Amino acid sequence: MADDLFNSFMNGPDEDGRFGDFGGRFVSETLMPLILSLEEEYEKAKTDETFWAEMHDLWTHYVGRPSPLYYAERLTQHLGGAKIYMKRDELNHTGAHKINNVLGQIILARRMGKTRIIAETGAGQHGVATATVCAKFGLKCIVYMGAHDVERQAPNVFRMKLLGAEVIPVTSGRGTLKDAMNDALRDWVTNVRDTFYCIGTVAGPHPYPAMVRDFQSIIGKEVREQMHEAEGRLPDTLIAAIGGGSNAMGLFFPFLDDKSVNIIGVEAGGKGVNMKMEHCASLTGGRPGVLHGNRTYLLQDDDGQILEGYSISAGLDYPGIGPEHAWLHDIGRAKYVSITDKEALEAFQLSCALEGIIPALEPSHALAHVMKIAGDLPSDHLLVMNMCGRGDKDIFSVARHLGFDMSGQDGR
Ligand SMILES: *Cc1c(COP(=O)(O)O)cnc(C)c1O
């Protein structure tokens, strides 16, 4: 049931940026004016037709939207139950959904007269999308990346450099995504005048979680129309993988008020949620706390220290989850499950073999949950999974896990 505050699940967050007990704006006084001016500018843009016209023009001609809604016929036959559709966001320019959101934030930055864009990145996908759009608009781009990730993600570091971005390895803390996000926030406070902070998922202080969700909602809006065209009705179940939760929120949001639509988020279960923190399932295995300016479910130890988490998929190892997911989880509007590395690898291979689609390891988690439930559903049940990224970036780690020798070719 929705909070009193919301007569619709789609009205959130409240004016303080809260989704129930989650979200908000836990930032230093120095950061507050920046956040408020961003919020003001976004509120203006939201109802400005010229803003959305520019977005749609670039979505169409630069990103390649709308992405297809594809009926996965052989997968459907193989699993023998629900009719499975894939939302093909892996076909976007730069290979994932990240660019949907980056475009929105960069257009906003340009409207605010900002010339220097900073971003944080873990696996490098958000960094690549940001570097791409900055190159397109001739903006200076600085990407903070944990030193550990810089080593692990060499191809994406090189891509960002080719695109003209400066990549700053972060050695503070443990040199991971969480630390990169802290350094980006510090940079923002220091370079107030000309700098815009482009966040890659539905995290950070208000208005970021709502703003990123709004930009990613193009995914769900298209699915609504495309499903109507294909089947003449709403889908029955939506499934998406969750790191911070932006591709999932993008798919889910336009359907939140349609009570007949089941909504399932899939977290990274790593080696299993029961084993000590060898997973990234913030909702299943974490508890509420404050990180990066908002209150949400986090992976933390007994003293409230943020834990790193583990997943075969680098794009899923954010130690938190977007506050709107935390809220949807607590009020029961969406269900959250976890999938292990092993299950994701099986789904990865099945998609290759049956559909000719090499998926990223992140959506392979979503697909693995489809494999678990599709067979028990009736054949007229319409299931949509978000194929939010392509697998080119992951073939080396998959090869390693499957014991395929690629030595001499991956530069390791
Ligand atoms: C970054 C990434 C994710 C995780 O981010 P969300 O904000 O949870 O969507 C998932 N899939 C792919 C392909 C990604 O690049």
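Below is a short write-up of the structure. (Residues numbered from 1 in each chain as written. Predicted model: local features only at pLDDT ≥ 70, side-chain atom pairs only at ≥ 80, totals over all residues. Heavy atoms only, no water.)

**Some remarks on the side chain of glutamate 362**
Position of glutamate 362 among the secondary structure elements: in helix α15 (residues 361-373). A relative accessible area of 9% places glutamate 362 in the buried class. Apart from residues no more than four positions distant in its own chain, glutamate 362 is found in contact with Ala241, Ser313, Gly315, Leu316, Lys393 and Asp394. (Helix = DSSP H or I, 4+ residues; strand = E, 2+ residues; numbered from the N terminus. Buried < 20%, exposed > 50% of the residue type's maximum accessible area, 1.4 Å probe, protein only. Contact = heavy atoms within 4.5 Å.)

**Re the sheet that holds strand β14 (residues 382-386)**
Reading across from one edge, β3-β4-β14-β9-β10-β13 is the order of the 6 strands in this open sheet, with mixed pairing throughout. Unpaired on one side and paired on the other, β3 (69-71) and β13 (335-340) mark the two borders of the sheet. Averaged over neighbouring strand pairs, the angle between their axes works out to 25° when direction is ignored. Pairing of strand β4 (residues 83-87) with β14, which is carried by 5 bridges, proceeds in the parallel orientation. For isoleucine 84, the partnering residue across the bridge sits in β14 and is leucine 383. Along the sheet face, helix α10 (residues 218-231) touches β3, β4 and β14 and points at about 140° away from the line of β4. (Pairing = 2+ DSSP bridges. Axes fitted to C-alpha atoms, helices over the stretch in contact; angles between N-to-C directions.)

**Quick look at the site of the ligand**
In the vicinity of the ligand lie 15 residues, with Lys98, Thr201, Gly243, Gly245 and Ser246 positioned nearest. Within the side chain of lysine 98, one N or O atom sits 2.7 Å away from an oxygen atom of the ligand. The separation between an oxygen atom of the ligand and a polar main-chain atom of glycine 243 is 2.7 Å. Look at the ligand: alone it shows 380 Å² of surface, and the protein chains cover 96% of it. In terms of residue class, the shell around the ligand is built from 3 nonpolar, 10 polar and 2 charged. Split by domain, the residues of the shell around the ligand number at least three in each of domain 1 (29-60 + 98-211) and domain 2 (65-95 + 217-401). (Near = heavy atom within 4 Å. Polar contact = N/O pair within 3.5 Å; in protein donor to acceptor, adjacent residues only side chain to side chain. Areas by Shrake-Rupley, 256 points an atom, 1.4 Å probe, with all protein chains shown as cover. Nonpolar A, V, L, I, M, F, W, Y, C, P; charged D, E, K, R; others polar. Domains from an automatic or database assignment.)

**A closer look at helix α16 (residues 395-402)**
Residues Ser397, Val398 and Ala399 constitute the buried set of α16. Turning to α16, the residues buried within the fold contact α14 (341-355) and α15. Directly after α16, the chain includes glycine 403, whose backbone phi takes a positive value near 75°.

**Topic: the packing of helix α2 (residues 49-63) against helix α4 (residues 98-111)**
Between α2 and α4, the least distance of the axes is 10 Å, while the angle of their chain directions is 135°. On the basis of their axis angle, the class for α2 and α4 is oblique. Read as a crossing pair, α2 and α4 show a hand that is right-handed. Where α2 abuts α4, its residues Thr50, Phe51, Glu54, Met55, Leu58, Trp59, Tyr62 and Val63 lie against Ile99, Asn100, Leu103, Gly104, Ile107, Leu108, Arg110 and Arg111. In terms of residue class, the contact of α2 with α4 is built from 10 nonpolar, 3 polar and 3 charged. (Parallel < 35°, antiparallel > 145°, perpendicular 65-115°, else oblique. Left-handed = near helix turned anticlockwise from the far one by under 90°.)

**Topic: the packing of helix α5 (residues 125-137) against helix α7 (residues 154-162)**
One way to put it is that α5 packs onto α7 with a least axis distance of 9 Å and a crossing angle of 10°. Taken together, α5 and α7 sit at an angle that is classed as roughly parallel. Together, Gln125, Gly127, Val128 and Ala131 of α5 and Asn156, Arg159 and Met160 of α7 make up the contact between the two elements. When grouped by side-chain class, the residues that make up the contact of α5 with α7 number 3 nonpolar, 3 polar and 1 charged.

**So, the nonpolar core**
Core analysis: the biggest nonpolar cluster contains 90 residues, and Trp188 and Tyr197 have the highest contact counts within it. Of all the elements, α4 adds the most residues to this core, at 7 residues. Each of domain 1 (29-60 + 98-211) and domain 2 (65-95 + 217-401) gives at least three residues to this core. Non-local contacts of tryptophan 188, meaning those with residues more than four positions away in its chain, are made with Leu31, Leu34, Ile35, Ile118, Thr195, Phe196, Tyr197 and Tyr208. If you look at the next biggest cluster of nonpolar residues, it comprises 28 residues, including Ala72, Ala82, Val266 and Ala368. (Core = buried A, V, L, I, M, F, W, Y, C linked by side-chain atoms within 4.5 Å.)

**Description of the sheet that holds strand β6 (residues 140-146)**
Taken in spatial order, the 4 strands make up an open sheet running β7-β6-β5-β8, and their pairing is parallel. Each having just a single partner strand, β7 (166-170) and β8 (195-198) make up the two edges of the open sheet. Taking the axes of each pair of neighbouring strands and ignoring which way they run, one obtains an average angle of 25° across the sheet. Two elements, strand β5 (residues 116-121) and β8, share 4 bridges in a ladder whose sense is parallel. Bridge pairing in β8 places isoleucine 118 opposite tyrosine 197. Relative to the sheet, α4 contacts β5 and β8, its axis offset from that of β8 by approximately 165°. Sheet strands in contact with helix α8 (residues 177-190) are β5, β6, β7 and β8, and its direction is about 160° off that of β5.

**Quick word on the pattern of salt bridges**
For the coordinates displayed, the defined rule picks out 24 salt bridges. The salt bridge partner of lysine 83 is glutamate 231, with a shortest N-O separation of 2.7 Å. Remark: glutamate 231 occurs in helix α10 and lysine 83 occurs in strand β4; sequence separation between them is 148 residues. Looking at glutamate 231, the relative accessible area reads 27%, which means it is partly exposed. Here the residues in one salt-bridge network are Arg65, Lys87, Asp89 and Glu222, joined through shared partners. (Salt bridge = Lys/Arg side-chain N within 4 Å of Asp/Glu carboxyl O.)

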